[in-house]
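# Notes for the structure review
So you can see what is in the structure, the chains are spelled out below.
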Amino acid sequence: MNQPIDVMSRRIAILGSTGSIGRQALEWLSGESGMSICALGAGNSAELLARQVREHRPQAVGLASEQAAEALREQLPDGVELFSGPGAMCQLIRHTRPDVVLQAVVGAAGLQSTLTAVECGSTLALANKESLVCAGAVVMPAARRAGVAVLPVDSEHAGIFQCLQGAEKKDVRRVIITSSGGALRNLADEQAEKATVEEALNHPTWTMGKKITIDSATLMNKALEIIEAHWLFDLPAERIEVVLHPQSVIHAMVEFRDGSMLAHLASPDMKGPIAYALSYPDRPGRETTAPMDLPALGRLEFQPLTGRFGRAVNLGYEAIRRGGPAGAVLNAANEAAVEAFLQGKIRFGEILTLIETVFRQAEGRESFPDTASQPNEESDTLSTLLSADAWARKKIKQLLTK
Ligand code: MG
């Protein structure tokens with residue numbers, strides 16, 4: 001039997017529920033009375049998902065791995081629907097029709113389910129920036145057509161979004177996102193080149209998943225976030241800036257034409273952005289993080305981006321200026337290079353070099369017909385972007401075997 005649904009409560013689906021964002025969202029939601037969890041989806045963590053199901057009693061669950069789904073099947077309570085395989089996240093959304101989808105799948109793998117959420121009219125709480133970096137040109141128009149709100153669950157963008165409440169876009173001069181500098185921020189470029197996986201995963205201020213922690217160390221996370229801001233707030237590259245801010249207390253600033261600047265300050269804790277997006281347009285009604293102790297913080301510092309940091313961020317600006325498939329190429333090259341680094345196939349310094357090589361090879365290309373990806377009937381643009389994604393991954397693979 002499906003559990004009865006309280007008609008007054010907001011029904012939430014969490015895709016990527018066993019990852020860092022998903023786990024923090026469930027922790028926050030367990031103290032929240034006005035919301036219920038209708039669906040949980042994950043990649044292959046059957047054990048953890050089974051525990052989450054026992055605790056949160058969703059109507060349906062999904063696992064991308066067929067093998068993991070078999071392991072989960074025996075542990076599911078009666079009446080909980082199970083979807084498995086590559087289309088599991090999309091089926092989960094279509095079956096449960098959530099009010100809000102918290103999209104926390106890692107990488108461009110989340111794109112199809114992002115589009116399904118929009119198609120089903122679910123509000124999108126988007127922690128998966130790669131969906132926008134790869135296919136903002138498809139996701140944002142689709143959301144506008146469907147009247148679906150896309151709410152950022154990325155600390156910097158959640159900060160910008162909050163500073164923009166009640167503001168008019170014509171009054172905005174620029175937005176500024178901050179970067180902690182990542183795990184290797186105190187190393188010179190030559191030392192960082194040789195950093196181990198362990199060193200690159202040791203983030204000074206944030207606790208996050210592996211992929212994004214490596215992205216933070218290379219600063220590719222900021223390159224992706226510039227593109228994310230471009231799509232979310234409809235801003236050109238020259239009105240999005242990045243500044244190093246080692247304390248990770250200010251997440252973003254919005255400067256208005258009259259010279260006023262609003263800053264968003266919060267503890268470096270993703271529960272804040274998660275709670276805000278799930279509660280929107282209200283503010284979360286209860287305390288989410290501990291109060292900030294300003295005197296204990298002492299001072300807030302800002303520095304310009306230099307050396308390898310500037311190199312990475314410039315790729316983000318370049319992708320916006322090139323337009324078309326550039327974001328898809330950049331994102332896919334990054335995903336493939338980070339995976340190679342995590343598998344010990346390349347040195348830290350080679351991540352950026354590989355991405356730059358593939359990004360340069362893609363310059364001026366509008367289509368990527370030599371790939372195996374299927375044409376998509378719904379959208380030529382989406383087909384092109386998926387082909388570009390596949391092409392960039394193939395190029396990285398070829399470079400790795402040389
Ligand atoms: Mg961020």
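The structure under discussion appears in the preceding block.
Definitions and cut-offs
Residues numbered from 1 in each chain as written. Predicted model: local features only at pLDDT ≥ 70, side-chain atom pairs only at ≥ 80, totals over all residues. Heavy atoms only, no water. Salt bridge = Lys/Arg side-chain N within 4 Å of Asp/Glu carboxyl O. Helix = DSSP H or I, 4+ residues; strand = E, 2+ residues; numbered from the N terminus. Buried < 20%, exposed > 50% of the residue type's maximum accessible area, 1.4 Å probe, protein only. Patch = residues over 30% accessible without salt bridge, like charges linked within 9 Å, V, L, I, M, F, W, Y side chains within 5 Å. Areas by Shrake-Rupley, 256 points an atom, 1.4 Å probe, with all protein chains shown as cover. Donors = N, O, S within 2.8 Å, 3.2 Å for Na, K, Ca; no water. Pairing = 2+ DSSP bridges. Right-handed = clockwise from strand over helix to strand, strands pointing away. Phe/Tyr/Trp six-rings, centres within 6.5 Å; stacked < 30°, edge-to-face > 60°. Lys NZ or Arg CZ within 6 Å of the ring centre and 35° of its normal. Contact = heavy atoms within 4.5 Å. Polar contact = N/O pair within 3.5 Å; in protein donor to acceptor, adjacent residues only side chain to side chain.

Bringing the pattern of salt bridges into the picture now. In the structure shown here, the tally under the stated rule is 22 salt bridges. Linking Lys222 and Glu156 is a salt bridge whose minimum nitrogen-to-oxygen distance equals 2.7 Å. Placement of Lys222 in helix H11 (residues 220–233) and of Glu156 in helix H7 (residues 155–163) is noted, with a sequence separation of 66 residues between them. Across the pair, exposure class does not vary: Lys222 and Glu156 are buried alike. Close ionic contact of Arg322 with Glu318 constitutes a salt bridge, the shortest N to O distance being 3.1 Å. With Arg322 and Glu318 both in helix H14 (residues 307–322) and four residues apart, this pair spans about one turn of that helix. A cluster of three or more residues bridged by salt bridges with shared partners is formed by Lys129, Asp154, Glu156, Lys222 and Glu225.

This next bit is on a nonpolar patch on the surface. A surface patch of nonpolar side chains, about 470 Å² in accessible area, is lined by Leu265, Met292, Leu294, Leu297, Leu300 and Phe302. Looking at where Leu297 falls in the secondary structure, it is placed in helix H13 (residues 294–297).

Turning to the coordination of the magnesium ion, a few remarks are in order. Geometry reference: four tetrahedral donors at a metal, ideal angle 109.5 degrees. Six octahedral donors, ideal angles 90 or 180 degrees. Within the protein, Asp154 (OD), Glu156 (OE) and Glu225 (OE) serve as the donor atoms for the magnesium ion, at 2.0 Å. All donors of the magnesium ion belong to a single chain; written as a sequence motif, their spacing is D-x1-E-x68-E. Placement of the pair is Glu156 in helix H7 and Glu225 in helix H11, with a sequence separation of 69 residues. You'll find Glu156 and Glu225 in the same group, each marked buried.

Another point: the pairing of strand S3 (residues 60–63). Where burial is concerned, the two faces of S3 agree: the one with Ala60 and Gly62 and the one with Val61 and Leu63 are both buried. Where strand S2 (residues 35–42) meets S3, four bridges bridge the pair, whose relative direction is parallel. Across the sheet, the residue bridging to Ala39 is Ala60, located in S3. Handedness of the crossover is the feature at issue here: the chain leaves S2, passes through helix H2 (residues 46–56), returns alongside S3, and the resulting connection is right-handed.

Okay, the packing of aromatic side chains next. What the rule picks out here adds up to five aromatic pairs. Ring geometry for Phe161 against Tyr276: centres 6.3 Å apart, planes inclined by 80°, an arrangement best described as edge-to-face. Placement of Phe161 in helix H7 and of Tyr276 in helix H12 (residues 271–279) is noted, with a sequence separation of 115 residues between them. With relative accessibility at 15%, the residue Phe161 sits in the buried group. A residue is classified by how much of its surface remains accessible, and Tyr276, at 7% relative accessible area, is buried. For the ring pair Phe341 and Phe348, a centre distance of 5.6 Å and an interplane angle of 75° mean the geometry is edge-to-face. By the burial criterion, Phe341 is buried, and Phe348 matches it. Joined through ring pairs, the aromatic side chains of Phe161, Tyr276 and Tyr280 make up one cluster. The lysine or arginine in question, Arg322, covers the ring of Phe359, its NZ or CZ lying 3.8 Å from the ring centre.

A word on unusual backbone geometry. Along the chain, Tyr280 connects to Pro281 via a cis peptide bond; the corresponding omega equals 10°. Here Pro281 is to be found in the loop between H12 and H13. In this structure, Asp234 takes a positive phi of about 55° despite not being glycine. Among the secondary structure elements, Asp234 is positioned in the loop between H11 and strand S9 (240–244). For Asp234, a relative accessible area of 53% puts it in the exposed group.

Take the environment of Thr218 next. Within the secondary structure, Thr218 is located in helix H10 (residues 210–218). The class for Thr218 is buried, based on a relative accessible area of 4%. Between the C-alpha atoms of Thr218 and Ser9, which are 209 residues apart in sequence, the distance is 41 Å. The residues touching Thr218, leaving out its near neighbours within four places in the chain, are Ala312, Phe348 and Ile351. A distance of 3.0 Å separates a polar side-chain atom of Thr218 from the backbone nitrogen of Met220.

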